[in-house]
Structures are given as structure tokens and as C-alpha cells.
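Chain by chain, the residues:
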Amino acid sequence: QVQLVESGGGLVQPGGSLRLSCTASGRFSSINVMGWYRQAPGKQRELVATVARNGNTNYADSVKGRFTISRDNAKNTVYLQMNSLKPEATAVYYCNLEIRAVGADYWGQGTQVTVSS
């Protein structure tokens, strides 16, 4: 059973920073993509950023230049450094582990990020 555990959410003022972490446990292929998605109230879940095992990254246009995704393969952990946060970043952030070769998709329980003064 694959489990993803997120941490690092919270309340931050506009312009502030937060760092999210997510650690995966269980048995799964090392050839995977880890990423972060978010869902704001009344909206659909959307991609924030993904990072492949080889370090290739993909970002939503709305976060480019402000958010940085990274991973530690030895720890099966993915990070999301969020800088210059805006109120519209308020959402529940979900960690994702995708193993495309077998069509497997795993999600964390979500962590709340609130950007407000």
C-alpha cells in the first residue's frame, strides 16, 4: 500500500513563503513522477508543479518564477517552495505520485494553505 503524507501548510501573509513536504512510503516503482496539485473552494483541482525522478520539472504558468519543486529520491520526498504568495494561492494542496507505466496514481490527504492578511 502506497501512502503519501504531506506537511508544511498553514496561514501566511501575502508576499510570504511556505514550504510543503510530502513523503511517500510503501512499495512502488522508482520510475515515477511526483507533484503538487491544489483545489480552491468551488474550483476544480489543478496542477501546480511536477518533477520526474530525473529532475525534469513542469509548472503551471501561474506559479512560474515563484514556486520551486524539488525531490529527494533517497527519501522518496517531494518539496514545494512557495515564495511571493498571493491570496489566490489559498487552497488545499495535494501531493501526487504517478507511475505511468502501470497507470497508477496516488494522492495524499491534502494540506491547507491560506494566504491572508
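Being a predicted model, the structure only gives us computed values, none of them experimental.

A. Fine view of the overall build of the protein. When you go through the protein residue by residue, the secondary structure sums to 0 helices and 11 strands. The linear arrangement of helices and strands in the protein, starting from the amino end, is β-β-β-β-β-β-β-β-β-β-β. Expected size for 117 residues packed as a compact globule is a radius of gyration near 13 Å; at 14 Å, the protein falls within 12% of this value. Projected onto its principal axes, the C-alpha coordinates of the protein cover approximately 40 × 25 × 25 Å.

B. How the structure looks around the pattern of salt bridges. Counting across every chain of the model gives 3 salt bridges. The partner of Arg38 in a salt bridge is Glu46, and the shortest N-O contact between them spans 2.7 Å. With relative accessibility at 9%, the residue Arg38 sits in the buried group. Its salt-bridge partner being Arg100, residue Glu98 comes within 3.3 Å of it at the nearest N-O pair.

C. Local environment of the sheet that holds strand S3 (residues 18–25). Ordered in space as S1-S3-S8-S7, the 4 strands form an open sheet in which the pairing is antiparallel. Only two strands of the sheet have a single neighbouring strand rather than two, namely strand S1 (3–7) and strand S7 (67–72). Across the sheet, the mean angle from the axis of one strand to that of its neighbour is 15 degrees, orientation sign disregarded.

Rules of the game
Residues numbered from 1 in each chain as written. Predicted model: local features only at pLDDT ≥ 70, side-chain atom pairs only at ≥ 80, totals over all residues. Heavy atoms only, no water. Helix = DSSP H or I, 4+ residues; strand = E, 2+ residues; numbered from the N terminus. Rg over C-alpha atoms; globule rule 2.2 N^0.38 Å. Salt bridge = Lys/Arg side-chain N within 4 Å of Asp/Glu carboxyl O. Buried < 20%, exposed > 50% of the residue type's maximum accessible area, 1.4 Å probe, protein only. Pairing = 2+ DSSP bridges. Axes fitted to C-alpha atoms, helices over the stretch in contact; angles between N-to-C directions.

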